[in-house]
Amino acid sequence: MGHNVLNKSVAVAYLELNFEMEKLTRILPIFFLFIIFLMAPVSAEAATHIVRVLLQNGVTNCLLSGSNLSVSDGNGINKKYSGSLNIISSGNNLIINNEIYVSPLRITSDSPIIYNSIKYNGEIVIVSLAGGTLKIKNEIDMEEYVKGVLGSEMPTSWNIEALKAQAVIARTYAMKSSAKHGDCDLCATTHCQLYKGVSAETPRITEAVDSTTGMYLSWQGTPAQVFYHADSGGMTASSVNVWGKNIEYLRSIVEPITYKNSTTVWEANLAMSLVSLRLNASGISVGEILSITPIKRDNSGRVMQLEVKGTSSTKTISGGRFRSAMGVDKVKSTLFEFSQPLSSG
(Lines give C-alpha, C1' and ligand atoms only; values in the text may rest on other atoms or scores of the structure.)
Protein backbone atom coordinates (compact mmCIF):
# COMPACT_ATOMS: atom_id res chain seq x y z
CA MET A 1 0.00 0.00 0.00
CA GLY A 2 1.55 3.31 -1.04
CA HIS A 3 1.17 6.81 0.36
CA ASN A 4 -0.46 9.36 -1.89
CA VAL A 5 -0.05 13.11 -1.76
CA LEU A 6 -2.74 15.71 -2.29
CA ASN A 7 -1.62 19.26 -2.92
CA LYS A 8 -3.24 22.47 -4.08
CA SER A 9 -4.34 25.80 -2.74
CA VAL A 10 -6.76 25.59 0.15
CA ALA A 11 -10.12 27.17 -0.39
CA VAL A 12 -13.54 27.57 1.20
CA ALA A 13 -16.52 29.30 -0.33
CA TYR A 14 -16.73 32.82 0.98
CA LEU A 15 -18.33 36.16 0.58
CA GLU A 16 -16.53 38.99 -1.14
CA LEU A 17 -17.94 42.29 -0.18
CA ASN A 18 -18.17 45.93 -0.99
CA PHE A 19 -20.60 47.61 1.33
CA GLU A 20 -21.72 51.02 2.39
CA MET A 21 -21.32 51.98 6.01
CA GLU A 22 -21.73 55.14 8.04
CA LYS A 23 -18.28 56.64 8.67
CA LEU A 24 -16.72 53.81 6.63
CA THR A 25 -17.48 54.63 3.03
CA ARG A 26 -14.50 53.30 1.15
CA ILE A 27 -13.97 49.73 0.13
CA LEU A 28 -12.36 47.91 3.02
CA PRO A 29 -8.97 46.55 2.01
CA ILE A 30 -9.44 42.81 2.66
CA PHE A 31 -12.65 42.47 0.67
CA PHE A 32 -13.31 42.67 -3.04
CA LEU A 33 -16.26 43.78 -5.14
CA PHE A 34 -18.80 41.01 -5.49
CA ILE A 35 -22.23 42.49 -5.01
CA ILE A 36 -23.53 45.57 -3.23
CA PHE A 37 -25.15 44.76 0.10
CA LEU A 38 -27.17 47.17 2.11
CA MET A 39 -25.64 47.98 5.46
CA ALA A 40 -28.49 47.77 7.92
CA PRO A 41 -28.88 50.83 10.13
CA VAL A 42 -27.16 50.52 13.49
CA SER A 43 -29.37 48.05 15.30
CA ALA A 44 -30.01 48.20 19.03
CA GLU A 45 -31.35 44.67 18.76
CA ALA A 46 -28.07 43.45 17.25
CA ALA A 47 -25.97 45.26 19.84
CA THR A 48 -27.92 43.88 22.82
CA HIS A 49 -28.66 40.42 21.44
CA ILE A 50 -27.49 37.61 23.74
CA VAL A 51 -25.40 34.92 22.06
CA ARG A 52 -25.32 31.42 23.55
CA VAL A 53 -21.89 29.90 22.92
CA LEU A 54 -21.11 26.23 23.52
CA LEU A 55 -17.70 26.03 25.20
CA GLN A 56 -17.59 22.30 25.98
CA ASN A 57 -19.93 19.35 25.97
CA GLY A 58 -19.71 16.00 27.76
CA VAL A 59 -17.03 16.93 30.31
CA THR A 60 -17.06 15.31 33.75
CA ASN A 61 -16.34 18.43 35.79
CA CYS A 62 -16.02 22.19 35.47
CA LEU A 63 -13.27 24.08 37.25
CA LEU A 64 -13.57 27.85 37.06
CA SER A 65 -12.55 30.92 39.00
CA GLY A 66 -13.46 34.58 39.38
CA SER A 67 -14.06 37.23 42.01
CA ASN A 68 -17.19 37.39 44.14
CA LEU A 69 -18.80 34.57 42.16
CA SER A 70 -22.59 34.53 42.20
CA VAL A 71 -24.25 31.15 41.66
CA SER A 72 -27.95 30.57 41.02
CA ASP A 73 -29.64 27.27 40.18
CA GLY A 74 -32.81 26.00 38.54
CA ASN A 75 -34.76 26.36 41.80
CA GLY A 76 -33.76 29.98 42.26
CA ILE A 77 -31.24 29.28 45.04
CA ASN A 78 -28.47 31.92 45.09
CA LYS A 79 -25.12 31.80 46.82
CA LYS A 80 -21.83 33.70 46.75
CA TYR A 81 -18.41 32.08 46.44
CA SER A 82 -14.87 33.37 46.20
CA GLY A 83 -11.83 31.88 44.48
CA SER A 84 -12.30 28.69 42.48
CA LEU A 85 -15.26 26.37 42.00
CA ASN A 86 -15.16 22.72 41.02
CA ILE A 87 -18.57 21.67 39.75
CA ILE A 88 -19.49 18.04 39.13
CA SER A 89 -22.64 16.31 37.92
CA SER A 90 -24.76 13.99 40.04
CA GLY A 91 -27.79 12.74 38.13
CA ASN A 92 -29.87 15.80 37.29
CA ASN A 93 -28.12 17.82 39.96
CA LEU A 94 -24.85 19.70 40.27
CA ILE A 95 -22.53 19.64 43.26
CA ILE A 96 -20.26 22.41 44.55
CA ASN A 97 -18.32 21.75 47.76
CA ASN A 98 -20.74 18.94 48.70
CA GLU A 99 -23.71 21.29 48.25
CA ILE A 100 -26.41 20.15 45.83
CA TYR A 101 -27.87 22.46 43.18
CA VAL A 102 -30.52 21.89 40.54
CA SER A 103 -29.44 22.20 36.91
CA PRO A 104 -28.95 24.59 35.18
CA LEU A 105 -26.41 26.60 37.14
CA ARG A 106 -25.80 30.24 36.20
CA ILE A 107 -22.58 31.86 37.34
CA THR A 108 -21.49 35.50 37.17
CA SER A 109 -18.45 37.28 38.57
CA ASP A 110 -17.23 40.79 39.31
CA SER A 111 -14.31 40.03 37.00
CA PRO A 112 -14.09 37.80 33.91
CA ILE A 113 -14.65 34.13 34.73
CA ILE A 114 -11.68 31.91 33.94
CA TYR A 115 -12.45 28.50 32.44
CA ASN A 116 -9.78 26.33 30.79
CA SER A 117 -7.34 29.25 31.13
CA ILE A 118 -9.60 31.51 29.02
CA LYS A 119 -11.36 34.56 30.44
CA TYR A 120 -15.04 35.13 29.68
CA ASN A 121 -17.44 37.98 30.30
CA GLY A 122 -21.17 37.40 30.70
CA GLU A 123 -22.64 34.32 32.33
CA ILE A 124 -21.25 30.81 32.44
CA VAL A 125 -24.14 28.35 32.32
CA ILE A 126 -23.62 24.75 33.37
CA VAL A 127 -26.13 22.05 32.48
CA SER A 128 -26.17 18.50 33.87
CA LEU A 129 -26.42 15.87 31.13
CA ALA A 130 -27.26 12.18 31.12
CA GLY A 131 -24.36 9.94 32.05
CA GLY A 132 -22.92 12.27 34.66
CA THR A 133 -21.45 14.81 32.24
CA LEU A 134 -21.78 18.56 31.82
CA LYS A 135 -22.44 21.11 29.11
CA ILE A 136 -20.60 24.42 29.56
CA LYS A 137 -22.02 27.53 27.88
CA ASN A 138 -21.18 31.22 27.81
CA GLU A 139 -24.13 33.58 27.43
CA ILE A 140 -22.76 36.89 26.30
CA ASP A 141 -24.05 40.04 24.62
CA MET A 142 -23.36 40.35 20.92
CA GLU A 143 -20.72 43.08 21.03
CA GLU A 144 -18.66 41.29 23.67
CA TYR A 145 -18.98 38.08 21.64
CA VAL A 146 -17.74 39.82 18.48
CA LYS A 147 -14.66 41.09 20.34
CA GLY A 148 -13.86 37.52 21.40
CA VAL A 149 -14.24 36.31 17.81
CA LEU A 150 -12.40 39.14 16.07
CA GLY A 151 -9.28 38.76 18.21
CA SER A 152 -9.32 35.00 17.57
CA GLU A 153 -10.00 34.99 13.82
CA MET A 154 -7.81 37.84 12.59
CA PRO A 155 -4.32 39.10 13.56
CA THR A 156 -4.81 42.21 15.69
CA SER A 157 -1.88 43.89 13.92
CA TRP A 158 -3.83 44.10 10.65
CA ASN A 159 -5.14 47.39 9.29
CA ILE A 160 -7.89 48.80 11.48
CA GLU A 161 -10.26 48.96 8.47
CA ALA A 162 -9.75 45.24 7.91
CA LEU A 163 -10.58 44.63 11.56
CA LYS A 164 -13.74 46.73 11.23
CA ALA A 165 -14.80 44.74 8.17
CA GLN A 166 -14.23 41.46 9.96
CA ALA A 167 -16.20 42.71 12.96
CA VAL A 168 -19.20 43.36 10.70
CA ILE A 169 -18.86 39.91 9.12
CA ALA A 170 -18.55 38.16 12.49
CA ARG A 171 -21.60 40.00 13.82
CA THR A 172 -23.60 39.17 10.68
CA TYR A 173 -22.65 35.50 10.91
CA ALA A 174 -23.75 35.37 14.54
CA MET A 175 -27.05 37.13 13.82
CA LYS A 176 -27.82 34.59 11.10
CA SER A 177 -27.02 31.66 13.39
CA SER A 178 -29.56 30.29 15.83
CA ALA A 179 -29.50 27.02 17.77
CA LYS A 180 -26.81 25.49 15.56
CA HIS A 181 -25.84 23.38 18.57
CA GLY A 182 -29.17 22.57 20.20
CA ASP A 183 -29.78 25.13 22.91
CA CYS A 184 -26.62 27.00 21.87
CA ASP A 185 -26.45 29.34 18.89
CA LEU A 186 -22.80 28.72 18.11
CA CYS A 187 -19.80 26.79 19.34
CA ALA A 188 -16.43 28.31 20.22
CA THR A 189 -14.45 26.49 17.50
CA THR A 190 -13.84 27.04 13.79
CA HIS A 191 -16.90 24.87 13.12
CA CYS A 192 -18.74 28.15 13.74
CA GLN A 193 -16.43 31.03 14.67
CA LEU A 194 -13.33 30.75 16.83
CA TYR A 195 -14.12 32.47 20.13
CA LYS A 196 -11.66 33.02 22.98
CA GLY A 197 -13.58 35.46 25.13
CA VAL A 198 -11.85 38.35 26.86
CA SER A 199 -8.51 36.60 26.33
CA ALA A 200 -8.65 37.60 22.65
CA GLU A 201 -9.34 41.29 23.24
CA THR A 202 -6.88 44.14 22.65
CA PRO A 203 -7.40 47.93 22.40
CA ARG A 204 -7.46 47.66 18.59
CA ILE A 205 -10.09 44.91 18.73
CA THR A 206 -12.20 47.05 21.05
CA GLU A 207 -11.84 50.04 18.72
CA ALA A 208 -12.90 48.03 15.65
CA VAL A 209 -15.95 46.54 17.36
CA ASP A 210 -17.06 49.68 19.15
CA SER A 211 -16.83 51.76 15.95
CA THR A 212 -19.13 49.29 14.12
CA THR A 213 -21.52 48.57 17.01
CA GLY A 214 -24.78 47.06 15.78
CA MET A 215 -23.72 47.07 12.11
CA TYR A 216 -24.35 44.00 9.98
CA LEU A 217 -24.86 43.07 6.34
CA SER A 218 -28.43 42.60 5.24
CA TRP A 219 -29.91 41.03 2.13
CA GLN A 220 -33.55 41.72 1.33
CA GLY A 221 -34.20 42.91 4.86
CA THR A 222 -32.58 40.08 6.82
CA PRO A 223 -28.99 39.33 7.89
CA ALA A 224 -27.01 37.93 4.97
CA GLN A 225 -25.59 34.41 4.94
CA VAL A 226 -21.86 35.13 5.15
CA PHE A 227 -18.71 33.02 5.22
CA TYR A 228 -15.01 33.80 5.33
CA HIS A 229 -11.75 31.91 5.03
CA ALA A 230 -7.99 32.14 5.34
CA ASP A 231 -7.30 31.44 1.66
CA SER A 232 -9.57 30.89 -1.37
CA GLY A 233 -6.94 29.31 -3.60
CA GLY A 234 -7.40 32.20 -6.03
CA MET A 235 -11.08 31.64 -6.77
CA THR A 236 -14.17 31.15 -4.65
CA ALA A 237 -16.77 28.43 -5.11
CA SER A 238 -20.46 29.04 -5.64
CA SER A 239 -23.01 28.09 -3.01
CA VAL A 240 -24.66 25.71 -5.47
CA ASN A 241 -21.48 23.66 -5.82
CA VAL A 242 -20.73 23.66 -2.10
CA TRP A 243 -24.16 23.12 -0.54
CA GLY A 244 -26.44 22.51 -3.51
CA LYS A 245 -28.30 25.71 -2.68
CA ASN A 246 -28.37 28.83 -4.81
CA ILE A 247 -27.62 31.84 -2.63
CA GLU A 248 -27.69 34.69 -5.11
CA TYR A 249 -24.72 36.59 -3.71
CA LEU A 250 -22.45 33.58 -3.08
CA ARG A 251 -21.16 33.03 -6.59
CA SER A 252 -17.77 31.90 -7.83
CA ILE A 253 -15.40 34.77 -8.55
CA VAL A 254 -11.69 35.13 -9.26
CA GLU A 255 -9.76 37.07 -6.65
CA PRO A 256 -8.28 40.25 -8.15
CA ILE A 257 -5.34 40.19 -5.74
CA THR A 258 -2.66 37.51 -5.67
CA TYR A 259 -1.31 36.61 -2.24
CA LYS A 260 0.22 33.72 -0.38
CA ASN A 261 0.10 32.62 3.22
CA SER A 262 0.84 29.49 5.22
CA THR A 263 -2.28 27.74 3.90
CA THR A 264 -1.91 28.58 0.22
CA VAL A 265 -0.14 25.32 -0.56
CA TRP A 266 -0.77 22.22 1.52
CA GLU A 267 -0.37 18.49 1.21
CA ALA A 268 -1.87 15.45 2.87
CA ASN A 269 -0.26 12.02 2.86
CA LEU A 270 -2.97 9.36 2.72
CA ALA A 271 -2.23 5.64 2.92
CA MET A 272 -4.73 3.60 0.90
CA SER A 273 -5.47 1.55 4.02
CA LEU A 274 -6.56 4.74 5.82
CA VAL A 275 -8.62 5.91 2.83
CA SER A 276 -10.41 2.56 2.71
CA LEU A 277 -11.05 2.55 6.46
CA ARG A 278 -12.52 6.07 6.47
CA LEU A 279 -14.65 5.57 3.37
CA ASN A 280 -16.10 2.38 4.86
CA ALA A 281 -16.84 4.24 8.10
CA SER A 282 -18.73 6.82 6.02
CA GLY A 283 -20.90 4.17 4.38
CA ILE A 284 -18.94 4.00 1.13
CA SER A 285 -18.15 0.31 0.70
CA VAL A 286 -16.85 -1.02 -2.63
CA GLY A 287 -14.76 -3.94 -1.44
CA GLU A 288 -11.03 -3.56 -1.84
CA ILE A 289 -10.44 -0.15 -3.39
CA LEU A 290 -8.79 -0.32 -6.80
CA SER A 291 -8.74 3.37 -7.66
CA ILE A 292 -10.19 6.80 -6.83
CA THR A 293 -10.44 9.25 -9.71
CA PRO A 294 -11.77 12.83 -9.89
CA ILE A 295 -14.35 12.85 -12.71
CA LYS A 296 -15.94 16.28 -12.39
CA ARG A 297 -14.70 19.70 -11.30
CA ASP A 298 -16.39 23.07 -11.03
CA ASN A 299 -15.16 26.22 -12.78
CA SER A 300 -12.79 26.96 -9.88
CA GLY A 301 -11.10 23.57 -10.23
CA ARG A 302 -12.61 22.05 -7.08
CA VAL A 303 -13.47 18.39 -7.19
CA MET A 304 -17.23 17.91 -7.43
CA GLN A 305 -17.31 14.15 -8.02
CA LEU A 306 -14.92 11.23 -7.63
CA GLU A 307 -15.26 7.67 -8.87
CA VAL A 308 -14.38 5.09 -6.24
CA LYS A 309 -13.75 1.76 -7.95
CA GLY A 310 -13.50 -1.43 -5.92
CA THR A 311 -13.55 -5.19 -6.28
CA SER A 312 -17.27 -5.42 -5.49
CA SER A 313 -18.70 -2.19 -6.96
CA THR A 314 -18.01 1.30 -8.24
CA LYS A 315 -19.52 4.38 -6.61
CA THR A 316 -19.58 8.07 -7.41
CA ILE A 317 -19.25 10.41 -4.42
CA SER A 318 -18.96 14.16 -4.04
CA GLY A 319 -15.67 15.87 -3.36
CA GLY A 320 -17.17 17.26 -0.18
CA ARG A 321 -18.10 13.81 1.07
CA PHE A 322 -14.59 12.52 0.34
CA ARG A 323 -13.09 15.47 2.20
CA SER A 324 -15.39 14.94 5.20
CA ALA A 325 -14.57 11.23 5.29
CA MET A 326 -10.84 11.90 5.28
CA GLY A 327 -11.17 14.74 7.80
CA VAL A 328 -11.47 18.44 6.98
CA ASP A 329 -8.31 19.17 8.96
CA LYS A 330 -6.45 16.65 6.83
CA VAL A 331 -7.88 17.45 3.40
CA LYS A 332 -8.18 21.21 3.70
CA SER A 333 -10.19 21.81 0.55
CA THR A 334 -11.78 20.11 -2.44
CA LEU A 335 -9.33 22.10 -4.59
CA PHE A 336 -6.75 19.34 -4.87
CA GLU A 337 -4.89 17.03 -7.22
CA PHE A 338 -3.52 13.56 -6.59
CA SER A 339 0.23 13.77 -7.10
CA GLN A 340 0.06 10.16 -8.29
CA PRO A 341 -2.92 7.96 -9.18
CA LEU A 342 -4.80 6.99 -6.04
CA SER A 343 -4.91 3.27 -6.62
CA SER A 344 -3.91 0.04 -4.93
CA GLY A 345 -1.40 -0.73 -7.60
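See the structure shown above.
The shown structure was predicted, so the numbers you read here are calculated from the model rather than taken from an experiment.

Chemist: Looking at this structure, how should I read the overall build of the protein?
Modeler: Within the protein, the secondary structure is distributed over seven helices and 22 strands. Counting all 345 residues of the protein, 47% fall into the buried class. If you take every contact in the protein between residues at least 6 apart in sequence, the share linking residues at least 24 apart comes to 65%.

Chemist: What is the right way to look at helix 6 (residues 272–281) in this model?
Modeler: Each turn of an α-helix holds 3.6 residues, which means side chains three or four residues apart point in the same direction. If you check which residues of helix 6 are buried, you get Met272, Val275, Ser276 and Leu279. Down the axis, helix 6 shows its buried residues gathered within 95 degrees of arc, on one side only. Facing away from the buried side of helix 6, by more than 90 degrees, are the exposed residues Leu277 and Ala281. Count one or two residues on from helix 6 and you reach Gly283, which has phi positive near 85 degrees.

Chemist: Help me understand unusual backbone geometry in this model?
Modeler: For residues besides glycine, phi is generally negative; the peptide bonds are generally trans as well. Cis peptide bonds are those with omega within 30 degrees of zero, and the linkage from Ser103 to Pro104 qualifies with 0 degrees. In this structure, Asn97 is a non-glycine residue whose phi angle is positive, near 50 degrees. Tracing the chain through its elements places Asn97 in the loop between strand 7 (93–96) and strand 8 (99–102). With a phi close to 70 degrees, Ser117 is a non-glycine residue in the positive phi region. Tracing the chain through its elements places Ser117 in the loop between strand 10 (113–115) and strand 11 (118–120).

Chemist: Got a minute to help me understand the pattern of salt bridges in this structure?
Modeler: Note on pairing: side chains with opposite charge can pair once their charged atoms come close. The final tally for this structure, using the stated rule, is eleven salt bridges. Across the pair Asp183 and Lys137 runs a salt bridge whose closest N-O atoms are separated by 3.3 Å. In this pair, Asp183 sits in the loop between helix 3 (160–176) and strand 14 (186–187) while Lys137 sits in strand 13 (residues 133–141), placing the two residues 46 residues apart along the sequence. With relative accessibility at 29%, the residue Asp183 sits in the partly exposed group. Where Lys147 meets Glu144, a salt bridge forms, and the shortest distance between an N and an O atom there is 3.4 Å. Of this pair, Lys147 and Glu144 both sit in helix 2 (residues 142–153), separated by three residues, roughly a single helical turn. Overall, Lys147 belongs to the buried group, its relative accessible area being 8%. Counted as one network, the salt bridges with shared partners bring together Arg106, Glu123 and Glu139.

Chemist: How should I be thinking about the nonpolar core in this particular structure?
Modeler: A general trend in soluble globular proteins is that nonpolar side chains are found buried together. Leu64, Ile87, Ile107, Ile126 and Tyr145 are the most contacted members of the largest nonpolar core, which has 57 residues in total. Setting aside residues no more than four positions away along its own chain, Leu64 makes contact with Leu69, Gly83, Ser84, Leu85, Ile87, Ile107, Ile113, Ile114, Tyr115, Ile124 and Ile126. With 20 residues, the next largest nonpolar core counts Val286, Val331, Phe336 and Phe338 among its residues.

Chemist: Can you help me understand the packing of aromatic side chains in this one?
Modeler: The way to describe two aromatic rings as a pair is by their centre distance and the angle between their planes. Applying the stated criterion to the full structure yields eight aromatic pairs. Ring geometry for Phe322 versus Phe338: centroids 6.4 Å apart, planes at 90 degrees, classification edge-to-face. Here Phe322 is found in helix 7 (residues 319–326), whereas its partner Phe338 is found in strand 21 (residues 337–338), with 16 residues between them in sequence. Take Phe322 and Phe338: they sit in the same class, and that class is buried. Aromatic ring contacts, followed pair by pair, group Tyr120, Tyr145 and Tyr195 into a single cluster.

The rules we used
- Residues numbered from 1 in each chain as written.
- Predicted model: local features only at pLDDT ≥ 70, side-chain atom pairs only at ≥ 80, totals over all residues.
- Heavy atoms only, no water.
- Helix = DSSP H or I, 4+ residues; strand = E, 2+ residues; numbered from the N terminus.
- Buried < 20%, exposed > 50% of the residue type's maximum accessible area, 1.4 Å probe, protein only.
- Contact = heavy atoms within 4.5 Å.
- Arc of directions from axis to C-beta.
- Salt bridge = Lys/Arg side-chain N within 4 Å of Asp/Glu carboxyl O.
- Core = buried A, V, L, I, M, F, W, Y, C linked by side-chain atoms within 4.5 Å.
- Phe/Tyr/Trp six-rings, centres within 6.5 Å; stacked < 30°, edge-to-face > 60°.

Shape is all these values report; function is a separate question.
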